[in-house]
Amino acid sequence: MDYDVIVIGGGPAGLMAAIAASEHGARTLLLDKGNKPGRKLGISGGGRCNVTNAGETEDIVRHIPGNGRFLYSAFSRFGNRDIIAFFEGLGIALKEEDRGRMFPVTDKAKSVVDALVNQVRRQGVDMRLNAPAARVLYEDGSVAGVCLAGGETLKSRAVVIATGGRSVPHTGSTGDGYPWAEEAGHTITELYPTEVPLTSNESFIKSRELQGLSLRDVELTVWNTKGKRIISHEGDMIFTHFGISGPAALRCSQFVIKELKKSGAASVRITIDLFPATNKEELLEELVQLAETEARKAARNGLKSLLPERLIPIALLKVDIAPDIPCSQIGKMSWVELAAILKAFPVDVNGTLSLEEAFVTGGGVSLKEIDPGTMGSKMMPGLYFCGEILDIHGYTGGYNITAAFSTGYSAGRSAALSL
Ligand SMILES: Cc1cc2nc3c(=O)[nH]c(=O)nc-3n(C[C@H](O)[C@H](O)[C@H](O)COP(=O)(O)OP(=O)(O)OC[C@H]3O[C@@H](n4cnc5c(N)ncnc54)[C@H](O)[C@@H]3O)c2cc1C
């Protein structure tokens, strides 16, 4: 037997799995097909590495809409507090930013990736880079090892598949692990892009007149085709040349995809509440006051203190107010309609960018066939999964990375202890 445990994939899940396996006494090999492990981790959180999130466990689970509840057991063994303690133990001081996001004090992803890789080496894990696995070997109904792309065969009693999803393939995540899982009898639920910018054919998007305009602290709501609210997310967003993006839009994306698929409709309505902290009546009062103070100004100028300049003509057009009409001549009903539009500015979205362009892959190895206590396969003894290859996806903000570290720890530990 060459190794006790072979971990395939050097992302956050695989690096942590290798550390946990060797910590629990297994002779461990970590394989990565690239020349640098942790490439996606290195570009997360805007290149500063969003190591984890400081929220309570319940809060973290709530922010993992793709099967977060599956993670309770993994979190109880190695949760966000353990991740924070682990990095601080390696000398990586962390700081908390908005919405509980944790970053290295250095603001440098490299310091996190280097610390992880050094720890892998320090624990005596063999690490082979530029070593793409081609297949997991199964013999007599259990795991037997791994075959590399060059034909070399490596034997082991346990294999941890940590090859990630299929998004942003230049980081090495090209979906290689799914067929290996299928060969072992696993089901792969449909893959789809999540945390992905939304596309729209609205005339104000096509004309690019709003391109680059960002809106801070707005609330986006996704509506189903029957006009019922599906979900709302507060945060920042940005208009792009193809649609909308930014944290709030990314969070809405999976709900848009699911509704488009479910309804078969060509588009799904999103509304933007530009003033989520103000109710419609208060906003109307503000508009009426503005009509008095800016009475002689044209509507397009009078509204500048309230709205981004580029949005004004589009909002006015929606309620049939001529942009050049003086504020004093705008009737009460028009102000009522304008207040309504500013509380629910509609953008019909018809899709998303591709799975490859998404931050996270939705779908993956079906959790029905995975033991949540060990991350072990219920189909093939000796086979373990962790990270984004599983049918688990969270919002950006450290939730996916927490899931990857946590399931990685659980898989590596269980693989070692099973021997
Ligand atoms: C731009 C960007 C920003 C992000 N920001 C955030 C954020 O702020 N917060 C958050 O929670 N999440 C974020 N994510 C998502 C997060 O980075 C991923 O969910 C996480 O990296 C998944 O970890 P993983 O270990 O499962 O897989 P990956 O990180 O994808 O690692 C998989 C590894 O497997 C290797 N591999 C693949 N196939 C083979 C093979 N055949 N043989 C050997 N090795 C192989 C790859 O080379 C790669 O190193 C972001 C993603 C992107 C793209």
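Preceding block: the structure.
A brief structural summary. Every value quoted in this text rests on a predicted model; they were computed, and no experiment measured them.

1. What to know about helix α5 (residues 80-89)
Each full turn of the α-helix corresponds to 3.6 residues, which orients residues three or four apart in the same direction.
Right, on to step 1. Regarding α5, the residues found buried are N80, I83, I84, F86 and F87. Burial along α5 is one-sided: seen end-on, the buried residues are contained in an arc of 160°.
Right, on to step 2. With its phi angle positive at about 85°, G91 sits one or two positions after the end of α5.

2. A few points about the site of the ligand
Right, on to step 1. Close to the ligand lie 37 residues; D32, S173, D176, E388 and N400 are nearest.
Right, on to step 2. In this structure, a nitrogen atom belonging to the ligand sits 3.0 Å away from a main-chain N or O atom of K33.
Right, on to step 3. In this structure, an oxygen atom belonging to the ligand sits 3.3 Å away from a main-chain N or O atom of G45.
Right, on to step 4. Taken by itself the ligand offers 1,000 Å² of open surface, and the protein chains cover 96% of this.

3. So, the nonpolar core
Right, on to step 1. L31, F87, L220, F239, I272 and L383 are the most contacted members of the largest nonpolar core, which totals 135 residues.
Right, on to step 2. Examining the composition of this core, we find that nine residues originate from one element, helix α14 (residues 399-417), more than from any other.
Right, on to step 3. The contact partners of L383, leaving out residues within four places of it in the chain, are V136, Y138, V143, V159, I161, A184, H186, M375, G376 and S377.

4. Looking at the pairing of strand β7 (residues 133-139)
Right, on to step 1. Looking at chain direction, β7 and strand β8 (residues 142-148) are connected through six bridges and run antiparallel. Paired with R135 across the two strands is C147, which belongs to β8.
Right, on to step 2. As consecutive antiparallel partners, β7 and β8 are separated by two residues, and within that stretch D140 has a phi angle of approximately 50°, a positive value.

Conventions used here
- Residues numbered from 1 in each chain as written.
- Predicted model: local features only at pLDDT ≥ 70, side-chain atom pairs only at ≥ 80, totals over all residues.
- Heavy atoms only, no water.
- Buried < 20%, exposed > 50% of the residue type's maximum accessible area, 1.4 Å probe, protein only.
- Helix = DSSP H or I, 4+ residues; strand = E, 2+ residues; numbered from the N terminus.
- Arc of directions from axis to C-beta.
- Near = heavy atom within 4 Å.
- Polar contact = N/O pair within 3.5 Å; in protein donor to acceptor, adjacent residues only side chain to side chain.
- Areas by Shrake-Rupley, 256 points an atom, 1.4 Å probe, with all protein chains shown as cover.
- Core = buried A, V, L, I, M, F, W, Y, C linked by side-chain atoms within 4.5 Å.
- Contact = heavy atoms within 4.5 Å.
- Pairing = 2+ DSSP bridges.

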